[in-house]
Every structure is written in C-alpha cells, then in structure tokens.
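Listed below, chain by chain, are the residues.
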Amino acid sequence: MFVERIMTRDVLHVAPDATFAQVSEIMRLKKVRHLPVVEADGRLVGIISHRDVQRAQPSTITTLDVGEVKYLLSKVSAADIMHKKVITCAPSTLIEEAARLMRPNKLGCLPVVENDRLVGIITSVDLLDFFLDITGCWVEGSTRITVSLPDQTGQLAALLATVSAHGGYIVSVVSPRTPQSEGKRIAMIRFDADDAERVITGLREAGYDLSVDITASAK
C-alpha cells in the first residue's frame, strides 16, 4: 500500500513570512505539532516543529519585560525558525518505506511532495492507525491466536488452510521472518468464526502449538 492511501491531503501550512505569533497560534488552536512552510506556488521550503517554537521563545528567567519580548518575537518569521533540509516522500512511496525514513531520523511526520509541491503529510499517528488496521484490531468479535511454526516453506499456508477448514475466516496475518528461536517463527492470525472454539480445537488436534488472546476473542 502507498502513502497516498493514508496521507492527509488538506495540510495546514504557513508561508515563509508568517509571524512567530501566527505559527504558534495555529499550532495551539489546531493542535498540530508540525507545520510545513510553503511558498505561494506550493513549493515546500521548510518545516516547523512544536519544539522549534518552544526553542524560539525567551527563557522564563529572561530579564526582558513583556513588551520587549513581544517586540522581539514580532521580528521572527517562519523562515527564521524552520528546518530547511526536509526529509520527504512521494505519494507512491510504500508506507513501510515511509516508516523506515521516519524511525531512524526520529521524525514525527513526513511531508509528501510531488514535483516539489506539497500534496500531503503522513504522521506517526497515521502509521499507528495503519498498523491497527492491517492487524485487524477494529474487527469486533475476531479471535487472535499466536502460533509457533517451523521456519519452513509451506508451513504458513498449511496453517491458514487448517483455520479455514474448521470454519475460520481469515481477518489478518502477521508473520515476520524473524525467527524467535532456532528453526521456528511466530504467526499471529486473527480470524472470525461462528464457533471460534471449534477452530482452536481443530488446530490443536492438528498438532499446532498456539496461544489465544482471550480479550480479542470475546464477542
């Protein structure tokens, strides 16, 4: 799946000449932690984080009076505090690739650009929602099982066939190829069924070593 499927398209942004007061007010009222800085033609030229705004504010122990602080901040623009080197992605970037850009760089968001124009933004919250979606967490009444499998070709396919054979409808499958122990891998299966216990019993009778997430299976 691509970034364009989960990105926010109507992106709050500011111009390079936006004042510090305007930037901080937008962040406060709209409850956002990142603001792209965009030229009139739509070109992305920078990004401002909530931390950038905090850093630009005078220290609480400053000797300046309120009037002096306001005067100094009135001279600060978005261009003065924005990050000019912005890590971005394209609408056609795979969602996991976007996450791989964000995680090591400790980014809370990733602007999405096309021909240097801002067309969307993806945040860490978007990635969390995507994770919840692909793991089937929103499917009420589904049952999640964790199965230990031999790390061999065909084992996962056989497991899914057994679930289906006993009346289970597969909702989601997560089985990263990261062996938990020598020769083994874990498969987390979420399924829906009229009789979940029948499916679980059938799997155990077939010799599968599994555990059941009771809270996820409650209807």
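Residues numbered from 1 in each chain as written. Predicted model: local features only at pLDDT ≥ 70, side-chain atom pairs only at ≥ 80, totals over all residues. Heavy atoms only, no water.

Further remarks concern the nonpolar core. In terms of nonpolar packing, the biggest core is built from 15 residues, with Ile 145, Val 147, Leu 159, Phe 191, Leu 203 and Tyr 208 touching the most fellow members. Listing elements by their share of this core, those giving two or more residues are strand E5 (143-150), helix H7 (155-165), strand E7 (184-192) and helix H8 (196-205). With four residues, the top contributor of residues to this core is H8. (Core = buried A, V, L, I, M, F, W, Y, C linked by side-chain atoms within 4.5 Å. Buried < 20%, exposed > 50% of the residue type's maximum accessible area, 1.4 Å probe, protein only. Helix = DSSP H or I, 4+ residues; strand = E, 2+ residues; numbered from the N terminus.)

Attention shifts here to the packing of helix H5 (residues 95-105) against helix H6 (residues 124-134). At a closest axis distance of 11 Å, the pairing of H5 and H6 adopts a crossing angle of 135°. The orientation of H5 relative to H6 falls into the category oblique. The interaxial crossing formed by H5 with H6 has left-handed handedness. On the side of H5, the interface is formed by Ile 95, Ala 99 and Met 102, while H6 contributes Ser 124, Leu 127 and Phe 130. Here the residues of the contact of H5 with H6 are counted per class, giving five nonpolar, one polar and no charged. (Axes fitted to C-alpha atoms, helices over the stretch in contact; angles between N-to-C directions. Parallel < 35°, antiparallel > 145°, perpendicular 65-115°, else oblique. Left-handed = near helix turned anticlockwise from the far one by under 90°. Contact = heavy atoms within 4.5 Å. Nonpolar A, V, L, I, M, F, W, Y, C, P; charged D, E, K, R; others polar.)

Counting buried positions over the six residues of strand E2 (residues 44-49) gives six, a clear majority of the element. In the sheet, strand E1 (residues 34-38) pairs with E2 via five bridges, with the strands oriented antiparallel. Along E2, the bridge assignment pairs Leu 35 with Ile 48. Between E1 and E2, which pair antiparallel and follow one another directly, the connecting turn spans five residues, one of which, Gly 42, has a positive phi of 95°. (Pairing = 2+ DSSP bridges.)

The next thing to look at is the pattern of salt bridges. Applying the stated criterion across every chain, the model contains six salt bridges. For Asp 41, the salt bridge identified is with Arg 117, shortest N-O distance 3.6 Å. Of this pair, Asp 41 sits in the loop between E1 and E2 while Arg 117 sits in strand E4 (residues 117-123); the two residues are 76 residues apart in sequence, bridging distant segments of the chain. The exposure class of Asp 41 is partly exposed, given its relative accessible area of 41%. On the basis of relative accessible area, Arg 117 is assigned to the partly exposed category, the value being 33%. With a shortest N-O distance of 3.8 Å, Asp 213 and Arg 144 are connected by a salt bridge. Of the two residues, Asp 213 is situated in strand E8 (residues 209-213) and Arg 144 in strand E5; the sequence distance between them amounts to 69 residues. For Asp 213, a relative accessible area of 21% puts it in the partly exposed group. Judged by its relative accessible area of 29%, Arg 144 falls in the partly exposed class. Salt bridges here are not isolated pairs; linked through shared partners, they connect Asp 41, Arg 43 and Arg 117. (Salt bridge = Lys/Arg side-chain N within 4 Å of Asp/Glu carboxyl O.)

How two helices sit against one another is set out by the angle between their axes and by the gap between those axes. Remark: H7 packs on H8, axes separated minimally by 9 Å, with the N-to-C direction vectors making an angle of 135°. Between H7 and H8, the interaxial angle falls into the category oblique. In the packing of H7 onto H8, the handedness of the crossing is right-handed. In contact with Leu 159, Thr 162, Val 163 and Ala 165 of H7, H8 contributes Arg 198, Val 199 and Leu 203. Across the contact of H7 with H8, the residue classes break down as five nonpolar, one polar and one charged.

So, on to H7. The α-helix advances 3.6 residues per turn, and as a result positions three or four apart in sequence lie on the same side. Listed as buried for H7 are Leu 159, Thr 162 and Val 163. Considered in projection along H7, the buried side chains sweep an arc of 100° and stay on one side of the axis. Opposite the packed face of H7, turned more than 90 degrees from it, sit the exposed residues Ala 157 and Ala 165. Where H7 is buried, its residues meet E5, strand E6 (169-174), E7 and H8. Of the residues trailing H7, Gly 167 is marked for its positive phi of about 95°. (Arc of directions from axis to C-beta.)

Here the phi dihedral of Lys 31 falls at roughly 55°; this positive angle occurs in a residue that is not glycine. Position of Lys 31 relative to the elements: it lies in the loop between helix H1 (20-30) and E1. Assessed through its relative accessible area of 74%, Lys 31 is described here as exposed. Unusually for a residue other than glycine, Lys 106 sits at a positive phi of about 55°. You can see Lys 106 is positioned in the loop between H5 and strand E3 (109-114).

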